[in-house]
Amino acid sequence: MPIPVLYLLAIVPPEPVLGQVWALKQEVHHLTGSRNAIRLRPHITLWPPLHRPATFAQEVYPVLSAFAAQQKDFAVTLRNFDWFENRTLFVRVETKIILQEFNARLSKWCRDKGVEIPPEKQPFTPHMTLATRDLPADQINTLRQLFAARVYSATFPVAGLTLFRHSGTAWEIAAEFSLTLQN
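Novice: For this particular structure, what's the right way to read the nonpolar core?
Specialist: Side chains that are nonpolar tend, in soluble globular proteins, to be buried together. Counting 52 residues, the largest nonpolar core has I11, W47, V76, L78 and F156 as its most contacted members. When residues no more than four places from it in sequence are discounted, the contact partners of F156 are I11, P13, P14, V17, I44, F74, A75, V76, L78 and M128. Membership of the second largest hydrophobic core comes to five residues, among which are L8, A10, L40 and W171.

Novice: Sorry if this is basic, but what is going on with the packing of aromatic side chains here?
Specialist: Working definition: an aromatic ring pair is given by the centre-to-centre distance plus the angle between the planes. Within this structure, the stated rule accounts for nine aromatic pairs. Plain terms: the ring middles of F67 and F102 are 5.5 Å apart, the flat faces sit at 65° to each other, and that makes the pair edge-to-face. Taken as a pair, F67 in helix α2 (residues 56-69) and F102 in helix α3 (residues 96-112) lie far apart in primary sequence, 35 residues in all. A relative accessible area of 0% means that F102 is categorised as buried. Taken together, a centroid distance of 5.1 Å and an interplanar angle of 50° make the contact between F74 and F102 tilted. Highlighted residues: F74 in strand β3 (residues 74-84) and F102 in helix α3, separated in sequence by 28 residues. One aromatic cluster in this structure is built from F67, F74, F102 and W109. Sitting above the plane of the F147 ring, R150 keeps its charged end 4.8 Å from the centroid.

Novice: For this particular structure, what's the right way to read the packing of helix α1 (residues 17-32) against helix α4 (residues 140-148)?
Specialist: Between two packed helices, what matters for the description is the angle formed by their axes and the separation of those axes. Where α1 meets α4, the axes come as close as 11 Å, and the angle between the chain directions of the two elements is 150°. Here α1 is positioned roughly antiparallel relative to α4, judged by the angle of their axes. Handedness of the crossing formed by α1 with α4: right-handed. Contacts between α1 and α4 pair L24, E27, V28, L31 and T32 from the former with L143, L146 and F147 from the latter. For the contact of α1 with α4, the class distribution of residues is six nonpolar, one polar and one charged.

What counts, and at which threshold
Residues numbered from 1 in each chain as written. Predicted model: local features only at pLDDT ≥ 70, side-chain atom pairs only at ≥ 80, totals over all residues. Heavy atoms only, no water. Core = buried A, V, L, I, M, F, W, Y, C linked by side-chain atoms within 4.5 Å. Buried < 20%, exposed > 50% of the residue type's maximum accessible area, 1.4 Å probe, protein only. Contact = heavy atoms within 4.5 Å. Phe/Tyr/Trp six-rings, centres within 6.5 Å; stacked < 30°, edge-to-face > 60°. Helix = DSSP H or I, 4+ residues; strand = E, 2+ residues; numbered from the N terminus. Lys NZ or Arg CZ within 6 Å of the ring centre and 35° of its normal. Axes fitted to C-alpha atoms, helices over the stretch in contact; angles between N-to-C directions. Parallel < 35°, antiparallel > 145°, perpendicular 65-115°, else oblique. Left-handed = near helix turned anticlockwise from the far one by under 90°. Nonpolar A, V, L, I, M, F, W, Y, C, P; charged D, E, K, R; others polar.

This is the structure:
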């Protein structure tokens, strides 16, 4: 039986937002030692990591290409920071409803095309993670205070989707899908 591979589908922001959020992730890493902060480039997760056969990227490529080709590009606005409990520090997505509707269309499309994506265990909350899971407990209050005092705002166009594949040591781009309809 083939060993499953981890895949993740996400929206990756273009520059300058990519660089700005990467700098924030680097800062959290340097302050806390969090390795999870720097394991994957800044992104908004649409599908959390899924174990699938190594051939999954090839199998899902036509489905995601066709979906993307029928979607209009749209803008995402990021504003300030928030937390999921004491585990995850993230950049808050202000334009949640647009992303929730987009992700619902994507999920329905995939289900209708026979691509099995497990339903979310929790409601889809679009966000851009800065650090998670390995934040030292004794540094969380300091990190909370630091980011509560910060102001960050950015808007970027979403022009595509990125399918990541975990190589066993790092996340790599398996495929990219352009949204081809213009607003």
